[in-house]
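Report on the structure
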Amino acid sequence: MTQPPGNSLDMDQLQRVADAGADVVDGLANVLERVRQELDYNAAKGASPYRLGVHDGLRFAEDAIVDLLQRHGHDAASRPTDLDA
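Residues numbered from 1 in each chain as written. Predicted model: local features only at pLDDT ≥ 70, side-chain atom pairs only at ≥ 80, totals over all residues. Heavy atoms only, no water.

**Let's talk about the overall build of the protein chain**
Along the protein chain, the regular secondary structure elements total two helices and zero strands. Every one of the 85 residues in the protein chain was classed for burial, and the buried ones make up 22%. In the structure as shown, the protein chain presents an accessible area of about 5800 Å², 55% of it carried by carbon and sulfur atoms. (Helix = DSSP H or I, 4+ residues; strand = E, 2+ residues; numbered from the N terminus. Buried < 20%, exposed > 50% of the residue type's maximum accessible area, 1.4 Å probe, protein only. Areas by Shrake-Rupley, 256 points an atom, 1.4 Å probe, with all protein chains shown as cover.)

Structure below.
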């Protein structure tokens, strides 16, 4: 069973979506990982039109973060998922 990645309002997450990390690159890597967790959780819920729309939005976020990291010389790549068109 796929568990939700967390609620950014929960106290154990200090009301943050992801850890800020030691620097901007580390922080972006943490956000990228959280987006991927959300993609996995969304995919586990099925392929309804709503879920596919959520997936597209999450993929946009993943691609944008990966592009930003790559443009600054860091190793990053988008990860294919089963719901990709």
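Having put the structure on the table, let's press on.
**Things to note about helix H2 (residues 49–71)**
With 23 residues, H2 should cover 33 Å at 1.5 Å per step; its first-to-last C-alpha distance of 33 Å lies within 8% of that length. Every buried residue belonging to H2 is among Arg51, His55, Leu58, Arg59, Glu62, Ile65, Val66 and Leu69, and all of these are buried. For H2, the secondary structure elements touched by its buried residues are helix H1 (24–44). At the C-terminal side of H2, Gly73 shows a positive phi close to 85 degrees. (Expected span 1.5 Å × (residues − 1). Contact = heavy atoms within 4.5 Å.)

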